Amino acid sequence: MSPNPEKKLEKTLVDINYLLKEAPREKHFITGAQAMAEAVKRASVDMAIAYPITPQSEVMHLVGDIYAQGHIKEYYRAEEELGTMSAIAGAARAGVRLFTATSGPGLLRGLEAIVSWPGHRVPAVLGILTRVINAPLSIQPDNIEMAYMMHCGAVMLHAENQQDTFDFTLAAFAIAEKVDVYIPVAVATEGFFVTHAKGYVEMTPEDMALTEFDPVAAPVPAMDNETPPARIQRDAPVQKSNFMSYLIHAVWQQEIWDSNKRAMKYIYEYLGGPIEVKNPESDVFLIASGCAAAQAREAWRYAQEAGLSVGLIKVRAIRPFPIDEIRDAVKNAKSIIVPEHNIIGWLCKEVKAAIPNGGIVTEGPRVYGGMTLPVELIMKEIHNSLGLEYDLKL
Amino acid sequence: MADKTRKKRYNIRISGLGGQGVVTTAHILGSTMDNAGQYASLVPFFGSEKRMAPVEAYVRASTEPIYEVGEVVYPDIILIYHSQVVTHGKSYTMPFYTGLKPDSLIIINSEVNVLDEDDVKVLKDLRATVVQFDATKLALDTAGTELATNMAMMGMMLGLINLVSIDNIETAVKERFLGTSFVSSGGTAMLDSAIEKKFKKKEELLQKNMEVISKTFEMANSIDLDTEDLIIKFDI
């Protein structure tokens, strides 16, 4: 597709703090996919790149509509997911604000390119609308794909519902582009349960958008006729001695992971912190992220009604993982329950690694393959933890 | 026993056959709750969309905001729209009461008993109540069409749980059949008359549906849930 300069829309440009915290908001009843696209609409995105693989979500289709309406300057349909993710890296070198989204198998197909984004200092925003991967085929939600993303250096946020999807996606652009961060930010949420379902979203005005991308404010500046490519691109370390390539790779990756850690202060600033804690003095804690946090919130509400000592910790940031925050929040907990939408329990492993007393963690309940996570299974674990009977006969 | 109908929150599973208006019921239930200033969420579930194939829909109805999503695995209320759901196993959930919580409610559209000895034992252990009536005959007798079966089923349930008023239901049914954006000012006279004719038919449809709902509300009001009986049967 060609650039769309004739459709340049008049918008008021505002900074991220105003946009997220002060701008007027209006309530809409929309799907999670719409919520992500509406955030992209308000983010002054220069270019979107995608391949319409199946299964997908509606996100990149809706972003295509936004391009046609003039909210985005360029939309490139790549040849497949590896091509999409490689094109994102290439476009980033030219110094533009970038967005793409994918799901399940598409994420894995693009992963080779995606995991090199942090090292290439690509400040793109990636939507991950989770779907089942691996055989036998199912196209329903399951977030195991997030485990594959967790070790590449990218910042990862996990949205509980449609509102989170909107807010996190907007914040993601600002976090990714901070000079002391400057790595990709992934915003994940569950396919179907969030992307295809409607929920209430308080949205900022359509004619108000984030200030435009500044390609100069970057640790690895964009290249143009005056700025040569960064040394790492034009003079690859692997062309030097082996020892030079070891050293350069090591210090460069240390810097990537330090950048990842530095994203934490912006997660506090824009999203109120990497975790949300309800009832901090409780004996039993539910720790969950994404859609499982919605199910846990419901169980927490039921537990309140029953007068049980149950707290809730919703984890918004998967990378950087809030190790100190979680360790502190559960320091007096007697047991911890980690409900998840995947078979391996990646959040459970992270929680266990963060605390000194991993033995108090119940592994699960977990569902996978696409099924919903029944609140009753969480209630059963709560009752077990408290030594109480839970009447769930069938 | 009355706990069955005094909950703040009902997770409802509707099992029926394609063409019976299972998914339509879910939508109308959702709108009804919205009209009553309450909360609802719904999830339809079906394989091939054809008549007589199994269909399930899930509705959460609550006086408080609802956070959870997905299929209802552990229902408080089960609606069975067709005896074949039980007798032929035409259901995604087998047996049909799988996951039913204790002290819950089942409404079955059938003129004859469809529960065998084992079913009766399980349901008695769960202290369930089964309301059984021929909703299809009631729809035919009252509205002149078996398409109002879903209204009879929904009316019976809403009559029992007391979360909404008849007016809330009427507004939702109107929205469904007349639409909220209906504009009767057309262009040509011919177009006007065509719309009017259609509108009249739909108004009639709405009225017939509401008659069915009123009748089932009356029946629901006559039910004493403090009974020890498992099955409360109405002859239509």
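Residues numbered from 1 in each chain as written. Chains lettered and ligands numbered in written order. Predicted model: local features only at pLDDT ≥ 70, side-chain atom pairs only at ≥ 80, totals over all residues.

With respect to the overall build of chain B
We count it as follows: In DSSP terms, a helix is any run of H or I states spanning at least four residues, a strand is any run of E spanning at least two, and both are numbered starting from the N terminus. In this scheme every C-beta is placed from the backbone, and a residue whose C-beta has 20 or more other C-beta atoms within 10 Å is buried, one with 12 or fewer is exposed, and one in between is partly exposed. By definition, residues are in contact whenever their C-beta atoms, placed on the basis of the backbone, come within 7 Å of each other.
Tallying secondary structure elements over chain B gives seven helices and seven strands in all. Counting helices and strands in the order they occur from the N terminus, chain B gives β-α-β-β-β-α-β-α-β-α-α-α-α-β. Considering chain B as a whole, with its 236 residues, one finds that 43% of them fall into the buried category. For chain B, contacts bridging at least 24 residues in sequence account for 78% of all contacts bridging at least 6.

Points about the confidence of the model for chain B
The predicted coordinates of low-pLDDT regions are not to be read in fine detail. Residue and element names in this part refer to chain B. Rule in force here: Each residue carries a pLDDT value, the predictor's own confidence for that position, ranging from 0 to 100.
Mean pLDDT over chain B stands at 86; residues scoring 70 or higher make up 89%. Scored below 50 in pLDDT, residues 181-188 shows five contacts in the model against residues more than four places distant or in partner chains. Of the two predicted TM-score estimates for the complex, the pTM is 0.89 and the ipTM is 0.82.

Here we look at helix α5 (residues 104-114) of chain A
Listed in full, the buried residues belonging to α5 of chain A are G104, P105, G106, L107, G110, A113 and I114 of chain A. Check the buried side of α5 of chain A and you find it contacts α4 (81-93), β5 (98-102), β6 (125-130) and α6 (145-149) of chain A.

Structural notes on helix α9 (residues 242-271) of chain A
The α-helix winds at 3.6 residues per turn, so residues separated by three or four positions along the chain end up facing the same way. Residues and elements named next belong to chain A. The condition is simple: Given the number of residues in a helix, its expected span is that number minus one, multiplied by 1.5 Å. Think of it this way: the bend at a residue is just the angle between two axes, each fitted to seven residues, one set ending at that residue and the other starting at it.
Between its terminal C-alpha atoms α9 stretches 43 Å, which fits the 44 Å expected from 30 residues at 1.5 Å a residue. Remark: the principal bend of α9, roughly 30°, maps to K265. Lining the buried residues of α9 we find α1 (16-22), β7 (155-158), α7 (162-176) and β14 (317-319). Looking one or two residues past α9, G272 carries a phi angle of roughly 80°, positive in sign.

Some thoughts on the sheet that holds strand β4 (residues 74-77) of chain A
All names here are of chain A. The condition is simple: Strands are treated as partners if at least two bridges between them are detected by DSSP. Orientation is described by lines fitted to C-alpha atoms, with helices fitted over the stretch in contact, and by angles between N-to-C directions that extend from 0 to 180 degrees.
Strands sit in the order β4-β3-β5-β6-β8-β7-β14 across an open sheet of seven strands; the sheet is mixed. Lying at the two open borders of the sheet, with one neighbouring strand each, are β4 and β14. On average, each strand axis in the sheet is tilted by 20° relative to the strand beside it, whichever way the strands run. Relative to strand β8 (residues 185-190), β7 is paired through four bridges, and the arrangement is parallel.

Section: the interface of chain B and chain A
Spelled out, the test is: Just so you know the grouping, Ala, Val, Leu, Ile, Met, Phe, Trp, Tyr, Cys and Pro go in nonpolar, Asp, Glu, Lys and Arg go in charged, and all remaining residues, Gly too, go in polar.
Chain B puts 12 residues into the contact, and the matching count from chain A is 16 residues. Looking at side-chain class alone, the side of chain B that touches chain A contains seven nonpolar, three polar and two charged residues.

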